[in-house]
Every structure is written in structure tokens, then in C-alpha cells.
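Chain residues, written in single-letter form:
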Amino acid sequence: MYALEGLRDVCELKICTPFGNPSDAVVIGTLEGSRVAFLPRHGRGHRINPSEVNHRANIYALKTLGVEQIISVSACGSLKEELHPRDMVFPDQVFDRTKGRASTFFEKGIVAHIGMANPYCPELAQRLYDTATGLGFRTHRGGTYVCIEGPQFSTKAESKVYRSLGFSVIGMTNVPECKLARESEICYASVALVTDYDVWHEEPVTIDMVIGNLNANTANVKQLLKTAVRHVARRSADGRHLRMRHRPPVRHLDRQQAHPLEGEEGPQAVDREIPRLIDR
Ligand SMILES: [Zn+2]
């Protein structure tokens, strides 16, 4: 999904960051009266694999634009019988099985420890869930998203272990996005779109099924985003969402000028209410 119907006043920005280039130009526009920014994390044409995504540049670019809420959209596999293909899952936990991804802004002389007990913004996730449920989609609130390195899918042994640990869905993108968003003091919530059952399931998977589910999910999530953006932005506009009780403080920061401390405005917080619409 690279185009959202109803997006007006559209412009594209190529943003350079100290961490390199984001996955693509950021498309900025007005959707249902709210300013939104869209960044396809795999690039247009889906040319960047999950291990190669420059997550730091992506999050940095969005922070630079003043983005305050990120809606992460990603395809996932289901690890539970009751999470059917074409369902929408709004996870509340993440389990990190990535390897060697650059997953912090705090390095090279800057040391800070960020609370990650709740990796997804509960308010934003609830709002998205309520909106999706209201639209009649099959939805699930909560659950653990296990993020694997990829680009290969998991083995049966791995898939069965994840199931035995009670995880809900499996994907390749929410880490380190959620961590970097937290470090940047941006709300982050995920819409995980079930494409298929992971390999633990005995049901044979055909390419036609997967593509059919992907297309249906894309149509569904476009509808969700268009509707959700009004609720999300309204919440942001009255300022309440921005004073996040759940946002944990930076425990200590050795070079204070490098990043805002708790309660301070970020140096680049210039605009408000730009949720990120992201694509897998
Ligand atoms: Zn939040």
C-alpha cells in the first residue's frame, strides 16, 4: 500500500539523517483533516528486506517532521488458532528475536536507559482497536508480537517454541521500531495483519491464498487508517495524549544536550498530530 485515497495537499520529502537515508521519501499530506506522514519501510517496490531497513533513519526522519504518533502496519503470521488470516491484531507486547539490528540512538558517548515494559502505546492501540472493531473487522486486542530477524520465515521447531511460549503473531519489523520510537518519545502502536498461519499449522498454504489475504488486508487497513486518523488526531489536538503517563522517563543521560530529558520538548517537535502510516 503506497497510496491512500483521500490524501490531499500531498508532497514528498527526501530527508537526510545522521544515520543515513530513510527507506524512501516521506509522503506528507492531509487525511480527513489531519496531517499525516507516510513512509514505506521496505521502500516503494518493496526492495529493502527487513534486516536491511534503516530503522534509525526512518524514525529520525519522522521525528524531524514532528511526528508524535506512529501507526505501524505490518503483515504477520498467526501463532494461535483463533487468530485467523485477515484478522487484525493490536499487540501489547513484543519479544525480540532480531540479531544485530542497530536498535538505539544512545551510543558513542551517550548512555541512556529507556523503560520498555510496555512497548506499544496503550492509548493509541486502544483507539485503533476500537475503530477497527467499530468498522466490523475481526479484531484482537493484546498479545505478543515475536519479531524474528528474517528474511527467512521460521522453522517448524521455532514456530512451535513460540507457540508454546504463548506468543500471538510473528513478524519481522516491529523491533527495533518500537524501541527507537520510545527513545524518540513518539507514541507507537501496531496493526498486525494476519496473512497466514505460521508453519506450525497443518493447513497447506498456497501463494494464491497468501496474496488474496494480503490484498484483503491492505484494503481493510486503508479503511481503518482513514477512519482512525480522525480519532487519533482529535485526541492529540486536545493535548491530553501528549502527556503520556505511560511514557517512562529516560533514567539517566550522560550528555544532556544530545536528547531532551523528561518533560522537555524535543528540539524538532515542530508540528503535531502526524501519525505515521507505514507499510510492509
Ligand atoms: Zn502514547
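Asker: Would you mind showing me how to read the overall build of the protein here?
Answerer: Within the protein, the regular secondary structure consists of five helices and eleven strands. The buried share of the protein, reckoned over its 280 residues, is 44%. Of all intrachain contacts in the protein linking residues separated by at least 6 positions in sequence, the fraction that spans at least 24 positions is 82%.

Asker: For this particular structure, what's the right way to read unusual backbone geometry?
Answerer: Backbone geometry follows two general trends: most residues other than glycine have a negative phi, and most peptide bonds adopt the trans configuration. Between Gly 150 and Pro 151 the backbone carries a cis peptide bond, its omega angle lying at 0 degrees. Each neighbour pair has its own omega, and for Val 175 with Pro 176 the value is 5 degrees, a cis peptide bond. By secondary structure assignment, the location of Pro 176 is in helix α4 (residues 174-183). Phi at His 46 takes a positive value of approximately 50 degrees, unusual for a residue other than glycine. Within the secondary structure, His 46 is located in the loop between β3 (34-40) and α1 (55-64). With a phi close to 50 degrees, Lys 108 is a non-glycine residue in the positive phi region. Looking at the secondary structure, you find Lys 108 in the loop between β6 (93-97) and α2 (122-134).

Asker: Looking at this model, I keep getting lost on the packing of α1 against α4. Mind explaining?
Answerer: Pairs of packed helices are described in terms of their axes, by the angle between the two and the distance that separates them. Their axes nearest at 9 Å, the elements α1 and α4 cross at an angle of 40 degrees. One finds that α1 runs oblique with respect to α4. For the crossing formed where α1 meets α4, the hand is right-handed. Residues His 55, Arg 56 and Ile 59 of α1 touch α4, and the partners they reach there are Pro 176, Glu 177, Leu 180 and Ala 181. Of the residues contributing to the contact of α1 with α4, the split by class is four nonpolar, one polar and two charged.

Asker: Where do I start with the nonpolar core in this structure?
Answerer: In a soluble, globular protein the nonpolar side chains are often hidden away together inside. Core analysis: the largest hydrophobic core is formed by 63 residues, its most contacted members being Leu 128, Ala 189 and Val 191. Not counting residues up to four positions away in its chain, the partners in contact with Val 191 are Ile 71, Ser 72, Val 73, Met 88, Phe 90, Leu 128, Val 221 and Leu 224.

Asker: Please clarify how the confidence of the model for the protein should be interpreted in this entry.
Answerer: Reading predicted coordinates in detail is not appropriate for stretches of low pLDDT. Averaged over all residues, the pLDDT of the protein equals 85, while 82% of them reach at least 70. Predicted confidence for residues 239-280 stays below pLDDT 50, and this span has 93 contacts to residues more than four positions away or in other chains.

Asker: Hey, could you run me through the environment of Ala 117 in this one?
Answerer: Turning to its location among the elements, Ala 117 is positioned in the loop between β6 and α2. Using a count of 7 C-beta atoms within 10 Å as the deciding quantity, one classes Ala 117 as exposed. Spatially, the C-alpha atoms of Ala 117 and Gln 93 are 8.3 Å apart, while their sequence positions differ by 24 residues.

Asker: In this structure, what is going on with the environment of Ala 57? I would like to understand it.
Answerer: For Ala 57, the position within the fold is in helix α1. Sequence separation between Ala 57 and Pro 22 is 35 residues; the distance between their C-alpha atoms is 4.8 Å. In this view, Ala 57 contacts Thr 17, Phe 19, Gly 20, Asn 21 and Pro 22; residues no more than four positions away in its chain are not counted.

Asker: Help me understand the pairing of strand β4 (residues 69-78), please; the structure alone is not making it clear to me.
Answerer: Taken residue by residue, a regular strand's side chains alternate between the two faces of the sheet. Most of β4 sits inside the fold, with ten of its ten residues counted as buried. Where β4 meets strand β10 (residues 187-197), ten bridges bridge the pair, whose relative direction is parallel. Residue pairing across strands places Ser 78 opposite Tyr 197, the latter belonging to β10.

Asker: When you look at the pairing of strand β8 (residues 144-148) in this model, what are you seeing that I'm missing?
Answerer: Across the five residues of β8, five count as buried, placing the element largely inside the fold. Burial along β8 is two-sided: Thr 144, Val 146 and Ile 148 and Tyr 145 and Cys 147, pointing in opposite directions, are all buried. By the bridge criterion, five bridges tie β6 to β8 in an arrangement that is parallel. Directly across from Asp 96, in β8, lies its bridge partner Cys 147. Sheet analysis places β8 next to strand β9 (residues 169-171), joined by three bridges and oriented parallel. Looking across to β9, one finds that Tyr 145 is bridged to Val 169. As for the winding sense of the linkage, the β-α-β connection from β8 through helix α3 (residues 156-164) to β9 is right-handed.

How each quantity is defined
- Residues numbered from 1 in each chain as written.
- Predicted model: local features only at pLDDT ≥ 70, side-chain atom pairs only at ≥ 80, totals over all residues.
- Helix = DSSP H or I, 4+ residues; strand = E, 2+ residues; numbered from the N terminus.
- Buried ≥ 20, exposed ≤ 12 C-beta atoms within 10 Å, placed from the backbone.
- Contact = placed C-beta atoms within 7 Å.
- Axes fitted to C-alpha atoms, helices over the stretch in contact; angles between N-to-C directions.
- Parallel < 35°, antiparallel > 145°, perpendicular 65-115°, else oblique.
- Left-handed = near helix turned anticlockwise from the far one by under 90°.
- Nonpolar A, V, L, I, M, F, W, Y, C, P; charged D, E, K, R; others polar.
- Core = buried A, V, L, I, M, F, W, Y, C linked by C-beta atoms within 7 Å.
- pLDDT = per-residue confidence, 0-100.
- Pairing = 2+ DSSP bridges.
- Right-handed = clockwise from strand over helix to strand, strands pointing away.

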